[in-house]
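Spelled out from the first residue to the last, the chains are:
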Amino acid sequence: MIFGFRQNAAHKTEAGGILLGFRRGDHLHIVEATTPQPADRRSLFRFFRRDRYHQSVALKRWKESNAMVDYLGEWHTHPEVRPTPSFLDMSEWIQICRREPLPMVFIIVGMDSSLWVGVGVNDCVLNAVIAV
């Protein structure tokens with residue numbers, strides 16, 4: 001679903017949302033990703049998640065699953081073939097990791113089918129580039 005938002009044409013703006021899923025030991029299982037909504041701010045080089053929809057979906061899934069499905073992290077796109085996080089991305093993710101006691105996952109979708117995936121713990125974001 002998130003690959004449909006790739007910035008693979010000049011007119012496509014950044015997109016993003018939150019990642020929902022569950023934890024099993026050290027494993028993070030993503031089962032859903034929210035998509036851009038009307039109140040979110042999108043431009044060629046920025047995405048700001050502002051719509052309350054993302055939070056409402058997270059809360060609904062949490063309640064429906066007896067607190068098993070939870071917020072696991074964030075995703076967004078970059079207009080790059082091999083996406084890499086910006087300074088702003090890293091700063092925001094570090095702030096998220098400082099608030100959340102458990103590991104969090106962050107994904108950047110590139111112009112083709114490439115992904116940048118990072119896992120954050122406390123104030124450190126570890127990463128790997130994965131080509132899909």
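Look a little higher up for the structure.
Residues numbered from 1 in each chain as written. Predicted model: local features only at pLDDT ≥ 70, side-chain atom pairs only at ≥ 80, totals over all residues. Heavy atoms only, no water.

1. Some details on the nonpolar core
Cut-off, in case you're wondering: We define a nonpolar core as any set of buried Ala, Val, Leu, Ile, Met, Phe, Trp, Tyr and Cys residues linked to one another through side-chain atoms lying within 4.5 Å. Exposure is judged per residue with a 1.4 Å probe applied to protein chains only, and the accessible area is read against the type maximum: over 50% gives exposed, under 20% gives buried, and values in between give partly exposed. Going along the chain from the N terminus, every DSSP run of H or I of four or more residues is numbered as a helix, and every run of E of two or more is numbered as a strand.
In terms of nonpolar packing, the biggest core is built from 14 residues, with Leu 20, Trp 93, Ile 96, Met 104, Phe 106 and Trp 116 touching the most fellow members. Looking at this core, the elements with two or more residues in it are β1 (16-24), α1 (53-64), α2 (87-99) and β6 (104-109). Ile 2, Ala 33, Trp 75 and Val 109 belong to the second largest nonpolar core, which has 11 residues in total.

2. Describing the side chain of Thr 34
Rules: Two N or O atoms count as a polar contact when they lie within 3.5 Å, although within protein this holds only if one can serve as hydrogen donor and the other as acceptor, and sequence-adjacent residues are included solely when both atoms are side-chain atoms. Whether two residues are in contact is decided by their heavy atoms: any pair within 4.5 Å suffices.
Locating Thr 34 in the fold gives a position in the loop between β2 (27-33) and β3 (41-42). A polar atom in the side chain of Thr 34 sits 2.9 Å from the backbone nitrogen of Ile 18. Discounting residues that sit within four places of it in the chain, Thr 34 has contacts with Gly 16, Gly 17, Ile 18, Tyr 53, His 54, Val 57 and Trp 75.

3. Here's the deal with the packing of aromatic side chains
What counts is decided by this rule: Stacked, tilted and edge-to-face pairs are distinguished by plane angle, under 30 degrees for stacked and over 60 for edge-to-face with tilted covering the rest, among Phe, Tyr and Trp rings (Trp via its six-membered ring) whose centres lie within 6.5 Å.
Enumeration according to the criterion identifies three aromatic pairs in this entry. Plain terms: the ring middles of Trp 93 and Phe 106 are 4.8 Å apart, the flat faces sit at 15 degrees to each other, and that makes the pair stacked. Of this pair, Trp 93 sits in helix α2 while Phe 106 sits in strand β6; the two residues are 13 residues apart in sequence, bridging distant segments of the chain. Trp 93 sits in the buried class, given a relative accessible area of 3%. On the basis of relative accessibility, which here comes to 0%, the residue Phe 106 falls in the buried class.

4. Digging into the pairing of β2
The cut-off we apply is this: Any two strands between which DSSP finds at least two bridges are classified as paired.
Bridge count for β1 against β2 is six bridges, and the pairing is antiparallel. Each bridged residue has a counterpart across the sheet, and for Arg 24 the counterpart in β2 is His 27. Where β1 hands over to β2, the hairpin turn is made up of two residues, of which Gly 25 adopts a positive phi near 65 degrees.

5. Focus: the pattern of salt bridges
Pairing is possible between side chains of opposite charge, provided their charged atoms come close. Put simply, the test is: Each salt bridge in this description consists of a side-chain nitrogen of Lys or Arg and a carboxyl oxygen of Asp or Glu lying within 4 Å of one another.
Evaluated as defined, the whole model comprises four salt bridges. The shortest N-O distance in the salt bridge between Glu 64 and Lys 60 comes to 4.0 Å. Placement of both Glu 64 and Lys 60 in helix α1 is noted, with a separation of four residues, approximately one turn of the helix. Sharing partners across several salt bridges, the network here consists of Glu 32, Lys 60, Arg 61 and Glu 64.

6. Some words on the state of the cysteines
In a disulfide, the sulfur atoms of two cysteines are covalently bonded to one another. Heads up, the condition is: Cysteine sulfur atoms that pair up within 2.5 Å are treated as a disulfide.
Tallied over the entire structure, the rule returns zero disulfides. Free cysteine Cys 124: the closest other cysteine sulfur is in Cys 97, separated by 8.5 Å. Given a relative accessible area of 36%, Cys 124 falls into the partly exposed group.

So yeah, pure geometry; function would need other evidence.
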